[in-house]
Amino acid sequence: QVQLVESGGGLVQAGGSLRLSCAASGRSFSSYVMAWFRQAPGKEREIVARIRWSNNFTSYANSVKGRFTISRDNAKTTVYLQMNSLEFEDTAVYYCAAGPWFSAEYTYWGQGTQVTVSS
């Protein structure tokens, strides 16, 4: 059974930092892209960062460039999102997702973790 489990969300003041984790299990993700999405109340879901598991290629939404960093651990089983200089507008539920590298769609999704940034 494929499972993506997010953790690390919480309440933080503007300017602070959080690190989100996505524990991936149930299959090999060597041919997959891992991504972080977020959805704020009243807003559409948006992608914020992604990483190709096989070669560590990364990309970011313009709104988080220079502040967020996506990475994976040595075991290649957990993906992280380091979030620095957090802003009120970063408040959202953050979701981990995975999909084949050649596809624009994501096949697997986690349950989400809440990030709340106080102004």
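Please read all numbers here as calculations on a predicted model, not as lab measurements.

(A) Structural context of the packing of aromatic side chains. This structure, assessed with the given rule, holds seven aromatic pairs. Taking 5.8 Å as the distance between ring centres and 35 degrees as the angle between the ring planes, the aromatic pair formed by Phe29 and Trp53 counts as tilted. Linking Phe29 in the loop between strand S3 (18-25) and strand S4 (32-39) with Trp53 in the loop between strand S5 (46-52) and strand S6 (58-60), this pair joins segments that are 24 residues apart in sequence. You'll find Phe29 and Trp53 in the same group, each marked buried. We note Arg45 situated over the ring of Phe37; from NZ or CZ to the ring centre the distance is 5.4 Å.

(B) Up close: the nonpolar core. With 28 residues, the main nonpolar core has Met34, Trp36, Leu81, Met83 and Tyr94 as its most contacted residues. Contributing elements (two or more residues each) for this core: S3, S4, S5, strand S7 (68-72), strand S8 (78-83), strand S9 (92-100) and strand S11 (113-118). In this structure, Met34 is in contact with Leu4, Ala24, Phe29, Ala49, Arg50, Ile51, Trp53, Ile70, Val79, Cys96, Ala97 and Ala98, ignoring residues within four places of it in sequence.

What counts as what
- Residues numbered from 1 in each chain as written.
- Predicted model: local features only at pLDDT ≥ 70, side-chain atom pairs only at ≥ 80, totals over all residues.
- Heavy atoms only, no water.
- Phe/Tyr/Trp six-rings, centres within 6.5 Å; stacked < 30°, edge-to-face > 60°.
- Helix = DSSP H or I, 4+ residues; strand = E, 2+ residues; numbered from the N terminus.
- Buried < 20%, exposed > 50% of the residue type's maximum accessible area, 1.4 Å probe, protein only.
- Lys NZ or Arg CZ within 6 Å of the ring centre and 35° of its normal.
- Core = buried A, V, L, I, M, F, W, Y, C linked by side-chain atoms within 4.5 Å.
- Contact = heavy atoms within 4.5 Å.

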